[in-house]
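Structural characterization, general
Each chain, written out:
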Amino acid sequence: MKELSQLHQLFLESTGICTDTRKLKKGNLYLALKGDNFNGNNFAVKALELGANYSIVDEEPEEQNDHIIKVEDGLDTLQKLAAYHRKYLNLPILSITGSNGKTTTKELIREVLSKKYKTVSTQGNLNNHIGVPLTLLSMNKETEFGIVEMGANHQGEIASLCKIAHPDYGYITNFGKAHLEGFGGVEGVIKGKSELYNYLIKNNKTIFINYDDKIQVEKSKGTDIISFSEGKNASHQITFLKADPFVKIKTEDTQINSQLIGTYNAKNIAAAICIGKYFKIPAKAIKEAIESYQPTNNRSQIIDQNSNQIILDAYNANPTSMKAALENLEAIPAKNKIAILGDMFEVGDTSAEEHQIIIDLLEKLEFSNMMVCGKNFYQTSTQEVLKFENFEDLKNYIQRNNFKESTILIKGSRGMALERILEVL
């Protein structure tokens, strides 16, 4: 088995690391990972045939080859290699976690910091024990700033990711009702997400906080804090103006008109402004970066289709983000408002209660039409909301009803894949 420094040298001489032969490029270093339904060790020889320089495996290779290297554990090697590479690069790393808004906030910050620095950030939501190492290994000597998104659904995961990424700066978007099943309730979420702040405090690093969030204020005590707030008691005062439906914000003498909808995105924008100012990005450049950013991947996208305006927010859902999306729809000045919601996953023992809370909220809001889909929503009690046990039943109903000149919110957990409704509307 080669030393970590030797593996790192092979990595530096490669065109990047790859864990999936379907995405392999010539000159890559292939690293075999194992899961419940796959074993990357079986593709070590194929990776070499496709042009990989070396294949790293943790099982006896099917054939002896100088370009197949055996290690004790593939995942552990990936993580240690990433941590080694991060220290080798010695560049500033900002880590982001939170219950809602991580990816949008990360992308906004990347747009802002890219105005001054060559910035590399997490691609999509590759934010777990595999995605974080791959993000770090995508950085090189030309990279001037790294942004690492950290996701978790159990306590201890953020702490483990910090040991790989060794962040210099950190920001937690919020503490909400997400992954309740794994965290064991909201208190568990707060404890789990705060592992980022705990690492930064222990290592005398810098924390960015939303000063209007009392939990963030409490959990960040003990180290350097850079804050933003609607009030005047923070490092940066950033004022939310309105969302009609796009969010408008003011900071000092600059008004920023974003292409993001929902009051919930105001804090995400404010965080990007605060961090941009800290790193001396000019106000004009911050404004340009935020105003040019458009959401993708089914995250709060505005789509004009036929005579309807669709708010597509079908990437994910939890009780906190679902409530925020519905309240945002209520605030939009429009005549015909329609809500189409899908089940929320990973809510744990409180699933029945949380789905009923959303139903109760829907009944109070009284939109023109309200539809929910999925086994959890189907078991709720309601007189006013249309319930569908599966997607096909929902699809058939929409096909029979020709919705026109409406503002339509589509939101559900990823597993519901509610973006399929676009083909029917």
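Residues numbered from 1 in each chain as written. Predicted model: local features only at pLDDT ≥ 70, side-chain atom pairs only at ≥ 80, totals over all residues. Heavy atoms only, no water.

Focus: the overall build of the chain
Short version of the rule: For helices the rule is a DSSP run of H or I covering at least 4 residues; for strands it is a run of E covering at least 2, with both sets numbered from the N terminus onward. Radius of gyration here is computed from C-alpha atoms only, and the compact-globule reference equals 2.2 Å multiplied by the residue count raised to the power 0.38. Using a 1.4 Å probe on the protein chains alone, a residue whose accessible area is under 20% of its type maximum counts as buried, one over 50% counts as exposed, and one in between counts as partly exposed. Whether two residues are in contact is decided by their heavy atoms, any of which lying within 4.5 Å being enough. Under this rule, positive means Lys or Arg and negative means Asp or Glu; His and the chain ends count for nothing. A charged residue contributes its charge at one atom only: NZ of Lys, CZ of Arg, CG of Asp or CD of Glu.
When helices and strands are counted, the chain shows 16 helices and 19 strands. Radius of gyration (C-alpha) of the chain: 23 Å, near the 22 Å computed for a compact globule of 425 residues. Each principal axis of the C-alpha atoms in the chain carries an extent, and together these give about 70 × 50 × 40 Å. A burial count over the chain gives 55% of its 425 residues as buried. Expressed as a percentage of contacts within the chain between residues at least 6 apart in sequence, the contacts between residues at least 24 apart total 61%. One way to put it: in the chain the 49 positive side-chain charges average out to a point 6 Å from where the 53 negative ones average out.

Some points on unusual backbone geometry
Even without being glycine, Glu252 reaches a positive phi, approximately 55°. Residue placement: Glu252 occurs in the loop between strand S12 (246-251) and strand S13 (254-261). The backbone phi angle of Glu346 is positive, close to 60°, even though this residue is not glycine. Mapped onto the fold, Glu346 is located in the loop between strand S16 (337-342) and helix H14 (351-365). Owing to a relative accessible area of 35%, Glu346 belongs among the partly exposed residues under this scheme.

Some details on the packing of helix H3 (residues 74-89) against helix H6 (residues 157-165)
In helix packing, the relevant descriptors are the interaxial angle and the interaxial distance, both defined with respect to the helix axes. Let me state the cut-off plainly: With axes taken as lines fitted to C-alpha atoms, and helix axes fitted only over the stretch in contact, angles between N-to-C directions fall between 0 and 180 degrees. Roughly parallel means an angle under 35 degrees; roughly antiparallel means over 145; roughly perpendicular covers 65 to 115; every other angle is labelled oblique. Throughout this entry, Asp, Glu, Lys and Arg are counted as charged residues, while Ala, Val, Leu, Ile, Met, Phe, Trp, Tyr, Cys and Pro are counted as nonpolar. The remaining residues, Gly among them, count as polar.
Relative to each other, H3 and H6 sit at 50°, their axes nearing to 7 Å. In terms of axis orientation, H3 runs oblique to H6. Mapping the contact onto sequence places Gln79, Ala82, Ala83 and Arg86 in H3 and Lys163, Ile164 and Ala165 in H6. The residue makeup of the contact of H3 with H6, split by class, is four nonpolar, one polar and two charged.

Overview of the UniProt feature "domain: Mur ligase N-terminal catalytic" (unreviewed entry) in the chain
Where we set the bar: UniProt positions are given in the numbering used here, feature names are shortened, and annotations may be inferred rather than shown by experiment.
Listed under "domain: Mur ligase N-terminal catalytic" (unreviewed entry) in the UniProt record, and renumbered for this structure, are residues 15-85. Helix makes up 25% of residues 15-85 and strand makes up 17%, while its end C-alpha atoms are separated by 15 Å.

Side note on the sheet that holds strand S11 (residues 236-243)
For the record, the criterion: Any two strands are treated as partners once DSSP identifies two or more bridges connecting them.
An order of S6-S7-S5-S8-S9-S10-S11-S12-S13 is seen for the nine strands of this open sheet, with the pairing classed as mixed. Looking at the sheet topology across the chains shown, the edges are occupied by strand S6 (119-121) and S13. Ignoring which end each strand starts from, the neighbouring axes of this sheet average 20° apart. Pairing analysis gives five bridges linking S11 to S12, with the strands arranged antiparallel. What sits directly across from Thr239, in S12, is Lys250.

Structural notes on the side chain of Thr251
To keep it simple, the criterion reads: Throughout this description, a polar contact denotes any pair of N or O atoms lying within 3.5 Å of each other; where both atoms belong to protein, one of them has to be capable of donating a hydrogen while the other can accept it, and for residues adjacent in sequence the pair is counted only when both atoms sit in side chains.
Here Thr251 is to be found in strand S12. The class for Thr251 is buried, based on a relative accessible area of 5%. Within the local environment of Thr251, its side chain forms a polar contact with the side chain of Lys277, the two groups lying 2.5 Å apart. When residues no more than four places from it in sequence are discounted, the contact partners of Thr251 are Gln237, Ile238, Ile256, Ile273 and Lys277.

Re the packing of H6 against helix H9 (residues 195-202)
Inclusion rule: Each crossing gets its hand from how the near helix is turned against the far one by less than a right angle, where anticlockwise is left-handed and clockwise is right-handed.
Relative to each other, H6 and H9 sit at 40°, their axes nearing to 8 Å. The angle between H6 and H9 places the two elements in the oblique class. Regarding H6 and H9, the two cross each other, and that crossing is right-handed. Along its contact with H6, which presents Glu157, Ile158, Ala159 and Cys162, the element H9 presents Glu195, Leu196 and Tyr199.

Quick word on the sheet that holds strand S4 (residues 68-70)
Pairing in this open sheet of four strands is parallel, and the strands run S1-S2-S3-S4 from one edge to the other. Every interior strand has two partners, whereas the edge strands, strand S1 (17-18) and S4, have only one. As defined by bridge partners, strand S3 (residues 54-57) adjoins S4 across three bridges and the pair is classed as parallel. Bridge assignment links Val57 to a residue of S4, and that residue is Lys70.

Observations regarding the nonpolar core
Stated precisely, the cut-off is as follows: Among the buried residues, those of types Ala, Val, Leu, Ile, Met, Phe, Trp, Tyr and Cys that are joined through side-chain atoms within 4.5 Å form a nonpolar core.
By size, the foremost hydrophobic cluster in this structure holds 72 residues, and its most contacted members are Leu136, Phe208 and Ile290. The element that contributes the greatest number of residues to this core is helix H11 (residues 264-278), accounting for eight residues. With residues near it in sequence (within four places) discarded, Ile290 still touches Leu108, Val112, Ile256, Ser258, Ile269, Ala272 and Ile273.

Some details on the pairing of strand S8 (residues 169-172)
What you see with S8 is no split at all: Tyr169 and Tyr171 on one side and Gly170 and Ile172 on the other are buried throughout. Relative to strand S9 (residues 206-210), S8 runs parallel, the two sharing three bridges. By the bridge assignment for S9, Tyr169 is matched with Thr206.

Let's talk about the environment of Leu108
Residue position: Leu108 is located in helix H4 (residues 102-113). A sequence separation of 182 residues divides Leu108 from Ile290, and the C-alpha atoms of the two residues are 6.4 Å apart. Ignoring any residue separated from it by four or fewer positions in sequence, one finds Leu108 in contact with Leu260, Asn268, Ile269, Ala272, Ile290 and Tyr293.

Observations regarding empty space enclosed by the protein
Note the cut-off: Both cavities and pockets are sets of points on a 1 Å grid over the protein atoms alone; in a cavity a 1.4 Å probe fits but cannot get out, in a pocket the set is open with protein on both sides within 12 Å along at least five of seven lines, and lining residues sit with an atom within 4 Å of a point. Grid points are joined across faces, edges and corners, and a volume is the space filled by probe spheres set on the points.
Counting across every chain of the model gives two cavities of 30 Å³ or more. In this model, the largest cavity occupies a volume close to 50 Å³. As for the largest cavity, its lining consists of Phe228, Ser229, Glu230, Ile238, Phe240, Ile249, Ala266, Lys267 and Ala270. Residue assignment for the lining of the largest cavity shows that the elements contributing at least two residues are strand S10 (224-229), S11 and H11. Here the residues of the lining of the largest cavity sort into six nonpolar, one polar and two charged.

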